[in-house]
Amino acid sequence: MLTIDAQTNGLASDGTVTICSGTITVRAQEDGIAAGESLVVSGGALDIQTGQRHEQLADETVSTKCLKSDAALSITGGTFVLDSAEDGVHGVEVQLLGGSFSIAASDDAIHADEALTIGQASGKGPAIDISTCYEGLEGAQVYLNAGSVNLCATDDGINAAGDESGAAGYLIEISDGDYWIDAGGDGLDSNGNIAMTGGTMEIYGAPNQENSALDYENSFDYQGGTLLAAGITGMTQTPTGLCVVFGEDGSMGGMRSSAQQPPDGEMGGQQQPAGAAQTPLEQPDEQTDGQTMEESDDVPRGGPAAAQMENALLEEGTAFSIQDEAGNVLYEGAGVKQANSIIFACGQLAEGQTYSLVVNGQAVATAQAAQQQGTGGRMAEPGGLGQA
């Protein structure tokens, strides 16, 4: 067991830091564990707090990251409890291929200047829980291969941005894994492209007109996996591919359709067909202010304050499902905040078939599955607040 209480860095080297096992506890006023060349962890139990922890963002002149490398950072195993006054994990190129993470951060939970890789292509990946942060995952390229990520962010959830994109360009690539995002800004945000071929992605964007569940500059190519993106109509973008759009898609492209009341008796209980609708068939009883993440006094929520929206399809805490014409449930969950635009895609959709959004046991919208063309054209700003 190693316990460190430091007024500057906890553990630091100009070269490589390698951790294979052991229990390490660090309380540092600057970086917790820092490497000038590379940081490699294959096992052990690490509990690291830096600065004033996530309650207060550190001064920009001081680096207070929990795990930091000036080059490559690779983790294949271990358990990590990280509470950071800046970034939880930070490197030029970051690979999180295994391990269990509990992260609270004032700035980015996990940040790579260049490529950020979550999980191995073989299907093994980390379990990452991010209770609070400014932005969740950020890199010029973000590769989501396997594992699970649950995150709450005051700004963007997953962001492909940075000072330089390199030859690969800005990209979020989702091939497998399970991801749940509650964002105070955009849910998925790429300064370039998004590509999805597998995995499950459930996204709740901010309920204001400045942000959306999906935000990309060039393209979002959907070819597989399950996507649920709930947000607000003003800034909605859809993927290119077969999907269902419930509610208005806003000004950025996608499909609009009219609300339509299903025939009596067709939608019994909590199971029925779903589709896209500008106006909900029936408003859920519960009303909220659209804010569901606990906000600290020191870390403001990203984006303009949410206003009570009209024609909300989802509210905080509302149970919902998406169903086909036979009443088969394709997806179910619970609303996190207000949303009047919901995009859904999965391998079970059939083009031209009608699907229903069922909220608290009642159908509130229907729409047909259709090939969307997507719309690019919005540039995201690089995230992050603190010292490099």
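Keep in mind it's a predicted model, so treat the numbers as computed, not measured. (Residues numbered from 1 in each chain as written. Predicted model: local features only at pLDDT ≥ 70, side-chain atom pairs only at ≥ 80, totals over all residues. Heavy atoms only, no water.)

Draft legend 1. Region of the structure containing the overall build of the protein chain. When helices and strands are counted, the protein chain shows zero helices and 35 strands. In the protein chain, which comprises 388 residues, the proportion classed as buried is 58%. Restricting the contact set of the protein chain to residue pairs at least 6 apart, pairs at least 24 apart contribute 59%. Total accessible area on the protein chain is roughly 14,200 Å²; 43% of this is exposed by carbon and sulfur atoms. (Helix = DSSP H or I, 4+ residues; strand = E, 2+ residues; numbered from the N terminus. Buried < 20%, exposed > 50% of the residue type's maximum accessible area, 1.4 Å probe, protein only. Contact = heavy atoms within 4.5 Å. Areas by Shrake-Rupley, 256 points an atom, 1.4 Å probe, with all protein chains shown as cover.)

Draft legend 2. Local environment of unusual backbone geometry. The phi dihedral of Arg-53 falls on the positive side, at around 60 degrees, and the residue is not glycine. By the element assignment, Arg-53 lies in the loop between strand 7 (45-50) and strand 8 (67-69). Positive phi values are uncommon outside glycine, yet Asn-360 reaches one of about 50 degrees. You can see Asn-360 is positioned in the loop between strand 33 (354-359) and strand 34 (362-368).

Draft legend 3. Quick peek at the sheet that holds strand 33. Spatial strand order, 31-30-33-34: four strands in an open sheet with antiparallel pairing. Unpaired on one side and paired on the other, strand 31 (329-334) and strand 34 mark the two borders of the sheet. The sheet shows a mean angle of 15 degrees between the axes of neighbouring strands, taken without regard to direction. Note: strand 33 against strand 34, six bridges, orientation antiparallel. Across the sheet, the residue bridging to Ser-356 is Thr-366, located in strand 34. (Pairing = 2+ DSSP bridges. Axes fitted to C-alpha atoms, helices over the stretch in contact; angles between N-to-C directions.)

Draft legend 4. The arrangement of the pattern of salt bridges in detail. Summed over the entire model, instances satisfying the criterion amount to five salt bridges. Between Asp-31 and Lys-68 there is a salt bridge, with its nearest N and O atoms 3.4 Å apart. Of this pair, Asp-31 sits in the loop between strand 4 (23-28) and strand 5 (33-35) while Lys-68 sits in strand 8, and the two are 37 residues apart along the sequence. Comparing Asp-31 with Lys-68 shows no difference in burial state: the two are buried. (Salt bridge = Lys/Arg side-chain N within 4 Å of Asp/Glu carboxyl O.)

Draft legend 5. Region of the structure containing the nonpolar core. If you look at the biggest cluster of nonpolar residues, it comprises 63 residues, and the most contacted ones within it are Leu-67, Leu-96, Ile-110, Leu-137, Ile-158, Leu-188 and Met-201. Sequence-distant contacts of Ile-158, that is, excluding residues within four places in its chain, are made with Leu-137, Val-142, Leu-144, Leu-151, Ile-172, Ile-181, Gly-187, Leu-188, Asp-189 and Met-201. Formed by 25 residues, the second largest nonpolar core is a distinct cluster that contains Val-336, Ile-342, Val-359 and Ala-369. (Core = buried A, V, L, I, M, F, W, Y, C linked by side-chain atoms within 4.5 Å.)

Draft legend 6. A negative patch on the surface, seen in detail. Together, Glu-93, Asp-113, Glu-114, Asp-163 and Glu-164 make up a region of like negative charge exposed at the surface. Among the structural elements, Glu-114 can be located in the loop between strand 14 (110-112) and strand 15 (115-118). (Patch = residues over 30% accessible without salt bridge, like charges linked within 9 Å, V, L, I, M, F, W, Y side chains within 5 Å. Lys, Arg positive; Asp, Glu negative; His and termini not counted. Charge placed at Lys NZ, Arg CZ, Asp CG, Glu CD.)

Draft legend 7. Spotlight on the pairing of strand 3 (residues 16-19). Residues Val-17 and Ile-19 line the buried face of strand 3, whereas the alternating positions Thr-16 and Thr-18 sit on a face that is not buried. Here strand 3 runs beside strand 6 (residues 38-41); their pairing, made up of four bridges, is parallel. The partner of Val-17 across the bridge, within strand 6, is Leu-39.

Draft legend 8. Structural context of the sheet that holds strand 14. Pairing is parallel in the open sheet, where nine strands are placed in the order 2-5-8-11-14-17-20-23-26. In the strand order of this sheet, the two ends are held by strand 2 (11-13) and strand 26 (214-216), each with one partner. Direction aside, the axes of adjacent strands within the sheet are offset by 5 degrees on average. Alignment of strand 14 against strand 17 (residues 137-139), held across two bridges, turns out to be parallel. Across the sheet, the residue bridging to His-111 is Glu-138, located in strand 17.

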